[in-house]
Amino acid sequence: MNTRSAKYIFVTGGVSSSIGKGVVASSIGAMLEARGLTVTHIKLDPYINVDPGTMNPFQHGEVFVTDDGTETDLDLGHYERFTSATMSRMSNATTGRIYGSVIERERRGDYLGGTVQVIPHITDEIKTFVRNGSQGVDICITEVGGTVGDIESLPFLEALRQLKLELGAVNALNVHVTLVPYIAAAGELKTKPTQHSVQKLREIGIQPEIIVARCDRELVPELKRKISLFCNVRPEAVINGVDASSIYEVPISFHRQGLDALIVEHLNIWTRDPVLDRWEQICRALKETTKRVTVAIVGKYVDHTDAYKSLHEALLHGGIAHHTKVDLRYIDSESIEEQGAKALLDGSDAILVPGGFGDRGTEGKIEAICYAREHGVPFFGICLGLQLAVVEYCRNVCNVPEANSVEFKPDGLHSVIHLMAHQHKVVRKGGSMRLGSYDCVLDPSSKAAKIYGATLVSERHRHRYEVNNAYRSMMEERGVCFSGLSPDKELVEMVELDSHPWFIGCQFHPEFKSRPYRPHPLFRSFIEAAITFSEST
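Computed from a predicted structure; not experimentally measured.

Basis of the calculations
Residues numbered from 1 in each chain as written. Predicted model: local features only at pLDDT ≥ 70, side-chain atom pairs only at ≥ 80, totals over all residues. Heavy atoms only, no water. Helix = DSSP H or I, 4+ residues; strand = E, 2+ residues; numbered from the N terminus. Rg over C-alpha atoms; globule rule 2.2 N^0.38 Å. Buried < 20%, exposed > 50% of the residue type's maximum accessible area, 1.4 Å probe, protein only. Contact = heavy atoms within 4.5 Å. Areas by Shrake-Rupley, 256 points an atom, 1.4 Å probe, with all protein chains shown as cover. Lys, Arg positive; Asp, Glu negative; His and termini not counted. Charge placed at Lys NZ, Arg CZ, Asp CG, Glu CD. Polar contact = N/O pair within 3.5 Å; in protein donor to acceptor, adjacent residues only side chain to side chain. Phe/Tyr/Trp six-rings, centres within 6.5 Å; stacked < 30°, edge-to-face > 60°. Axes fitted to C-alpha atoms, helices over the stretch in contact; angles between N-to-C directions. Left-handed = near helix turned anticlockwise from the far one by under 90°. Nonpolar A, V, L, I, M, F, W, Y, C, P; charged D, E, K, R; others polar. Core = buried A, V, L, I, M, F, W, Y, C linked by side-chain atoms within 4.5 Å. Expected span 1.5 Å × (residues − 1). Salt bridge = Lys/Arg side-chain N within 4 Å of Asp/Glu carboxyl O. Pairing = 2+ DSSP bridges. Right-handed = clockwise from strand over helix to strand, strands pointing away.

Draft legend 1. Geometry of the overall build of the protein chain. On a plain count of helices and strands, the protein chain comes out with 19 helices and 23 strands. At 25 Å, the protein chain has a C-alpha radius of gyration in line with the 24 Å of a compact globule built from 537 residues. Dimensions along the principal axes, computed over C-alpha positions, put the protein chain at roughly 70 × 60 × 50 Å. For the protein chain, buried positions account for 58% of its 537 residues. Considering only contacts within the protein chain whose residues lie at least 6 apart along the sequence, 73% involve residues at least 24 apart. Approximately 22,300 Å² of the protein chain is accessible, and the part contributed by carbon and sulfur atoms is 49%. Charged side chains of the protein chain number 58 positive and 68 negative; the gap between the two group centres comes to 4 Å.

The following block contains the structure:
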């Protein structure tokens, strides 16, 4: 393990939220890895929730789950997709978690005799978290959520100001991501919001060394000089953060502007020249597509696609593997209930039903699954998607019309999906599901085993409900293959239909482990099945 002290890059954002700080931080990590450095990422979120696990996807987007079972911000998915770093509980902290830790220590008597305050106790806790999360790497990239000027983020920014001072000038730098909007009435980009954002940052004692200017068109040299002058950074340290057709183009764009060279120069690190072949190949695969398929995603958060961020990216990864353009058609499952599956799903080359919670739209998802099964359309059910595939099959093939999930009908006659045994006594909702990586044993003769090329795999989970084993034999007699089970054979992990070209459900979330340069086997195979279906119709 690397025993040298890490150097730090702090990524902050101004003017607006959702400005792309996560992609900027991830792209920096990708460039530095390409130079042979080891990196890790930390995300500091100012909201008071201990973690995002109980937050509405419409408000927060996807909950990304790590191997150790931590429910985290979706930006950690970006970090893993862009670098070889594996995120963990040490990679994401919120105001709620930081304050909870300090309050617990106060109750334990660790501060006996002292008055517990934001400074130094909260800021010290933040600094300790960042230092502990940076062990064994060359570079720790720490992103602060929210926007400079928000009252919630002040303790985090103050902690980073102190940490930067303690570390010394050549051991830390700040990258500030800000918006340079185009004003149509004036016909020009305006730098004033960026100036004000940096001014706000400097008021609390942080001078950024690098500014990434997010904009919808290139900054002309005159504007870069203006930002440089008013924000007190070198002209070459004003980086164009222009909207890209794919986020995987960003590392190459930043490298061409010399961002990685600026960083290693400031941090006084000698590295090799970057090897960006991987990213160039990915970009070529995205642009030089030879085929095109349409995948219908039937869910209930379709108006906020960040709720399916990892899923979205994993499907694109499957397309990259086959030099295929994947068009994603998000379909509200309630619309299927109103208009019927055929009206909305005709023309789809594959159908995917993702995870979710609650009964809204579930009958529409079941209709979509039935359509895929009866029309031979490749179908992929993830988490709830697997559970509803079981419900649909029991209703329509096994002649159990009352089949349902106990989640939606607690007193149902035939609960083919029921609560996991250890969940019956759970009262607190936060962090209490079956979370993180668990082993799955695959039937050697199954399609799943052929896809994986293995009979033992480990995948990440996030669920409370499972297939009711009392109905397994009935379903097997009617043609269902339970192709993946937990090592003790008590939990169904995967199902498939031998009678269908590609019909697979999994209880886990394979999208969390897919990478653009290493697509997950299930998504690679799913897109291949979509291509085959497209060419046959």
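Draft legend 2. Broad picture of the side chain of Glu493. Looking at the element boundaries, Glu493 is found in strand β22 (residues 492–497). For Glu493, a relative accessible area of 0% gives the class buried. For Glu493, the side chain forms a polar contact with the side chain of His461, separated by 2.7 Å. Those residues in contact with Glu493 that sit more than four places away from it in its chain are Leu386, Arg434, Asp439, Cys440, His461, Gly484, Leu485, Ser486, Gly505, Cys506, Gln507 and Phe508.

Draft legend 3. Spatial organisation of the packing of aromatic side chains. For the coordinates displayed, the defined rule picks out 13 aromatic pairs. When the ring of Phe380 is compared with that of Trp502, the centres are 5.5 Å apart and the planes differ by 80 degrees; the resulting orientation is edge-to-face. A residue pair is termed long-range when its members are at least 10 positions apart, and Phe380 in strand β15 (residues 379–382) and Trp502 in the loop between β22 and β23 (503–506) qualify at 122 residues. What makes Phe380 buried here is its relative accessible area of 0%. Trp502 gets classed as buried once you look at its relative accessible area, which sits at 4%.

Draft legend 4. Region of the structure containing the environment of Glu407. Looking at the element boundaries, Glu407 is found in the loop between β16 (403–405) and β17 (414–419). Here the alpha-carbon distance between Glu407 and Ile417, two residues 10 residues apart in the chain, equals 8.0 Å. For Glu407, the residues in contact, after removing those within four places along its chain, are Phe357, Gly358, Leu384, Gln387 and Tyr465.

Draft legend 5. Structural context of the packing of helix α4 (residues 95–108) against helix α5 (residues 118–132). In the contact formed by α4 and α5, the axes pass within 10 Å of each other and the chain directions differ by 115 degrees. The interaxial crossing formed by α4 with α5 has right-handed handedness. Here α4 contributes Arg97, Ile98, Tyr99, Ser101, Val102 and Arg105 to the contact with α5, which in turn contributes Val118, His121, Ile122, Glu125, Ile126 and Phe129. For the contact of α4 with α5, the per-class residue count stands at seven nonpolar, two polar and three charged.

Draft legend 6. Molecular detail of the nonpolar core. The biggest cluster of nonpolar side chains holds 42 residues, and the ones touching the most others in it are Leu345, Ile351, Phe379, Val390, Val416, Met475 and Phe482. Here this core gets eight residues from one element, more than from any other, and that element is helix α16 (residues 384–396). In this structure, Val390 is in contact with Val416, Ile417, Val467 and Met475, ignoring residues within four places of it in sequence.

Draft legend 7. The arrangement of α16 in detail. Between the first and last C-alpha of α16 there are 18 Å, a value that for 13 residues agrees with the 18 Å anticipated at 1.5 Å per step. When you tally the buried positions in α16, you get 12 out of 13 residues, the bulk of the element. Residues of α16 that are buried: Leu384, Gly385, Leu386, Gln387, Leu388, Ala389, Val390, Val391, Glu392, Tyr393, Cys394 and Arg395.

Draft legend 8. Structural context of helix α6 (residues 154–167). The end-to-end C-alpha distance of α6, which contains 14 residues, comes to 20 Å, matching closely the 20 Å that a straight helix rising 1.5 Å per residue would cover. Of the residues trailing α6, Gly168 is marked for its positive phi of about 100 degrees.

Draft legend 9. Representation of the pattern of salt bridges in the model. Within the structure shown, the criterion is met by 34 salt bridges. A salt bridge links Arg105 to Glu125, with the shortest nitrogen-to-oxygen separation between them at 3.0 Å. Of this pair, Arg105 sits in helix α4 while Glu125 is found in helix α5, placing the two residues 20 residues apart along the sequence. Among the residues examined, Arg105 registers a relative accessible area of 30% and is labelled partly exposed.

Draft legend 10. Structural view of the sheet that holds strand β6 (residues 139–144). Taken in spatial order, the seven strands line up as β5-β2-β6-β1-β7-β10-β11 in an open sheet, and their pairing is parallel. Looking at which strands have only one partner, the edges of the open sheet turn out to be β5 (92–94) and β11 (238–242). Across the sheet, the mean angle from the axis of one strand to that of its neighbour is 20 degrees, orientation sign disregarded. Judged from the five bridges that link them, strand β1 (residues 7–13) and β6 form a sheet pairing that is parallel. In the strand pairing of β6, Ile9 is matched with Ile141. Across the face of the sheet, α5 comes into contact with β1, β2 (39–45), β5 and β6 while running at roughly 155 degrees to β2.

Draft legend 11. Looking closely at the sheet that holds β16. Taken in spatial order, the three strands make up an open sheet running β16-β17-β20, and their pairing is mixed. Across the chains shown, the open sheet's two edge strands, defined by having one partner strand only, are β16 and β20 (465–467). Mean inter-strand twist for the sheet, computed between neighbouring axes without regard to direction, equals 30 degrees.

Draft legend 12. Layout of the pairing of β2. β2 sits mainly inside the fold: seven of its seven residues count as buried. Here three bridges tie β2 to β5, and the two strands are oriented parallel to one another. Its bridge partner being in β5, Asp45 is matched across the sheet by Thr94.

Draft legend 13. Up close: the pairing of strand β13 (residues 324–332). Where strand β12 (residues 291–299) meets β13, nine bridges bridge the pair, whose relative direction is parallel. Bridge pairing in β13 places Thr294 opposite Asp327. Following the backbone out of β12, through helix α12 (residues 309–321) and into the adjacent parallel β13, one traces a crossover that is right-handed.

Draft legend 14. How the structure looks around the environment of Asp277. Secondary-structure assignment places Asp277 in helix α11 (residues 277–287). The spacing of Asp277 and Thr12 is 265 residues in sequence and 29 Å in space, taken between C-alpha atoms.

Draft legend 15. A look at unusual backbone geometry. Along the chain, Ile119 connects to Pro120 via a cis peptide bond; the corresponding omega equals 15 degrees. Within the secondary structure, Pro120 sits in helix α5. One non-glycine residue, Asn232, adopts positive backbone phi at about 65 degrees. For Asn232, the position within the fold is in the loop between α8 (221–231) and β11. Unlike most non-glycine residues, His323 shows phi in positive territory, near 50 degrees. Its place among the elements puts His323 in the loop between α12 and β13.

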